[in-house]
Amino acid sequence: MSETFTGRVWVLGDDIDTDIIIPTEYLALKTVQDMVPYAFSPLRPELTAQIQPGDVIVAGKNFGCGSSREQAPEIIKALGVRCVIARSFARIFFRNAINNGLLLIENPDLRGEVTEGDTIEVSVGEKIICKGKEFPIASLPQNLMDILNAGGLVKAMRRLNGLEG
């Protein structure tokens with residue numbers, strides 16, 4: 001199943017670590033929703049108020065580096081971000097994101113071509129269209145797509161075991 005969606009772009013740089021995504025001092029808050037207003041605050045404190053559901057983050061290399069805190073992808077998903085497209089991802093962040101149902105797409109070229117505020121079209125596992133130009137993307141293995149489509153690993157396992165429809 002190939003899904004296609006459009007989203008408004010927010011551009012970030014290289015090495016966006018988990019301390020930028022959610023600073024340590026806010027991890028003591030009770031819920032992810034309580035943490036959301038502080039997402040990206042060391043870098044761009046105004047960003048969380050501007051992100052709308054369905055928006056897309058486009059970043060440079062090594063997105064999600066730093067500690068392996070699971071709250072980082074949870075917060076990005078709670079912001080309503082549809083997916084993060086980056087030149088590369090830290091491996092632990094990549095798996096935490098998939099396990100939390102947040103779509104990540106690696107593409108080496110889009111970051112240099114996109115401008116904040118652009119609208120892009122994403123055909124999952126196929127291509128990204130930006131300003132009329134196509135950027136091919138690799139498809140994720142089916143087991144990871146099943147996790148994403150279920151909304152995360154726990155929901156996927158519950159579905160697999162007949163505990164949810």
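Refer to the structure presented above.
All of the points below concern the structure found in this document. All values reported here derive from a predicted model rather than from experimental measurement.

On to the state of the cysteines. The tally for this structure, following the rule as stated, stands at 0 disulfides. Here Cys-83 stays free of any disulfide, with the sulfur of Cys-130 as its closest cysteine sulfur at 13 Å.

Attention shifts here to the side chain of Asn-96. In this fold, Asn-96 is placed in helix α5 (residues 91-99). Take Asn-96: its relative accessible area is 14%, and that puts it in the buried class.

The N-to-C vectors of α5 and helix α7 (residues 142-150) enclose an angle of 55 degrees; their axes lie 8 Å apart at closest approach. Between α5 and α7, the angle falls in the class oblique. Here α5 contributes Phe-94, Arg-95, Ile-98 and Asn-99 to the contact with α7, which in turn contributes Leu-144, Ile-147 and Leu-148.

Another aspect to go through is the environment of Leu-144. Looking at the secondary structure, you find Leu-144 in helix α7. In this structure Leu-144 comes out as buried when scored by relative accessible area, which is 8%. Residues Leu-144 and Leu-47 lie 97 residues apart in sequence; the distance between their C-alpha atoms is 29 Å. Those residues in contact with Leu-144 that sit more than four places away from it in its chain are Phe-94, Arg-95 and Ile-98.

Quick look at the packing of aromatic side chains now. Overall, the coordinates contain 5 aromatic pairs when judged by the stated rule. Where Phe-63 meets Phe-93, the ring centres are 5.4 Å apart and the plane angle is 70 degrees; that geometry is what we call edge-to-face. Within this pair, whereas Phe-63 is found in the loop between β2 (56-59) and α4 (71-78), its partner Phe-93 is found in helix α5, the two being separated by 30 residues in sequence. Plain terms: the ring middles of Phe-89 and Phe-93 are 6.4 Å apart, the flat faces sit at 10 degrees to each other, and that makes the pair stacked. Like Phe-89, the residue Phe-93 is buried in the burial classification.

About the thresholds
- Residues numbered from 1 in each chain as written.
- Predicted model: local features only at pLDDT ≥ 70, side-chain atom pairs only at ≥ 80, totals over all residues.
- Heavy atoms only, no water.
- Disulfide = S-S within 2.5 Å.
- Helix = DSSP H or I, 4+ residues; strand = E, 2+ residues; numbered from the N terminus.
- Buried < 20%, exposed > 50% of the residue type's maximum accessible area, 1.4 Å probe, protein only.
- Axes fitted to C-alpha atoms, helices over the stretch in contact; angles between N-to-C directions.
- Parallel < 35°, antiparallel > 145°, perpendicular 65-115°, else oblique.
- Contact = heavy atoms within 4.5 Å.
- Phe/Tyr/Trp six-rings, centres within 6.5 Å; stacked < 30°, edge-to-face > 60°.

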